[in-house]
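Residues per chain, in single letters:
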Amino acid sequence: MKRYYQRVFKKYVNENFKDRAGIVLSIAFKENALEIVSENIGKSEFNFSSFKNISEIENYFFIDVKASGNFMIPKAKINNVEAVKNKLKTIAEKQGIEFISELDWKWK
């Protein structure tokens, strides 16, 4: 079943998100917002108050935004992972949202 679901989800992502895959973004933490910049797309800001929760697994951070879906931040592309983790924890604490850390999470 695991392989079946991996194929199904991979196909779904390839078909529905092909225009978004491979886009390089840079993020910056402002005083009350997360700024996302892409050369091809432009600039967007998301207020911290629009975050529903922040999750961490071994290789990624995920930010769940109320109206816009999720952001996935690969740890391998971050220069200082601990600084980003501390910033995300501070944002979660100030916004009164959950910071979920599941470093041993595995796809089953």
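Before going into details, it helps to say that this report is about the structure given with it. It should be emphasised that the depicted structure is a prediction, and the values quoted were computed from it without experimental measurement.

Once that is clear, we can look at the overall build of the protein chain. Helix and strand counts for the protein chain come out as two helices and seven strands. Taken from N to C terminus, the helices and strands of the protein chain fall in the order α-β-β-β-β-β-β-α-β. Overall, the C-alpha framework of the protein chain stretches about 45 × 35 × 30 Å when taken along its three principal axes. Among the 108 residues that make up the protein chain, the fraction classed as buried is 26%. Of the contacts formed within the protein chain by residues at least 6 apart in sequence, a portion of 34% connects residues at least 24 apart. Split by element, the accessible area of the protein chain, about 8400 Å² in all, is 49% carbon and sulfur.

Core analysis: the largest hydrophobic core is formed by 18 residues, its most contacted members being Phe51, Ile54, Phe61, Ile63 and Leu88. With four residues, helix α2 (residues 81-95) is the largest single contributor of residues to this core. If near-sequence neighbours (up to four positions away) are discounted, Ile54 is found in contact with Phe62, Ile63, Leu88, Ile91, Ala92, Ile97, Glu98, Phe99 and Ile100.

Tracing the chain through its elements places Ser38 in strand β2 (residues 33-38). Ser38 gets classed as buried once you look at its relative accessible area, which sits at 6%. What Ser38 contacts, discounting residues up to four positions off in sequence, is Ile23, Val24 and Leu25.

With that settled, the discussion passes to α2. Between its first and last C-alpha atoms α2 spans 21 Å; for 15 residues at 1.5 Å apiece the expected length is 21 Å, and the two agree. Here α2 has its buried residues at Val84, Lys85, Leu88, Ile91 and Ala92. The arc that holds every buried residue of α2, seen down its axis, measures 125 degrees, which confines them to one face. The exposed residues of α2 that point more than 90 degrees off its buried face are Glu93 and Lys94. Elements in contact with the buried residues of α2: β1 (26-29), β4 (51-57), β5 (60-65) and β7 (98-102). Immediately downstream of α2, the backbone of Gly96 shows phi near 70 degrees, a positive value.

Here we take up the pattern of salt bridges. Under the definition given, this model contains six salt bridges. We note a salt bridge from Asp64 to Lys52, for which the minimum N-O separation is 3.8 Å. Residue Asp64 is found in strand β5, and its partner Lys52 is found in strand β4; the two are separated by 12 residues along the sequence. Its salt-bridge partner being Lys75, residue Glu56 comes within 2.7 Å of it at the nearest N-O pair. Taken as a pair, Glu56 in strand β4 and Lys75 in the loop between β6 (69-74) and α2 lie far apart in primary sequence, 19 residues in all. Via salt bridges that share partners, Lys30, Glu35, Lys43 and Glu45 belong to a single interconnected network.

Cut-offs and rules
- Residues numbered from 1 in each chain as written.
- Predicted model: local features only at pLDDT ≥ 70, side-chain atom pairs only at ≥ 80, totals over all residues.
- Heavy atoms only, no water.
- Helix = DSSP H or I, 4+ residues; strand = E, 2+ residues; numbered from the N terminus.
- Buried < 20%, exposed > 50% of the residue type's maximum accessible area, 1.4 Å probe, protein only.
- Contact = heavy atoms within 4.5 Å.
- Areas by Shrake-Rupley, 256 points an atom, 1.4 Å probe, with all protein chains shown as cover.
- Core = buried A, V, L, I, M, F, W, Y, C linked by side-chain atoms within 4.5 Å.
- Expected span 1.5 Å × (residues − 1).
- Arc of directions from axis to C-beta.
- Salt bridge = Lys/Arg side-chain N within 4 Å of Asp/Glu carboxyl O.

These values are about where atoms sit, not about what they do.
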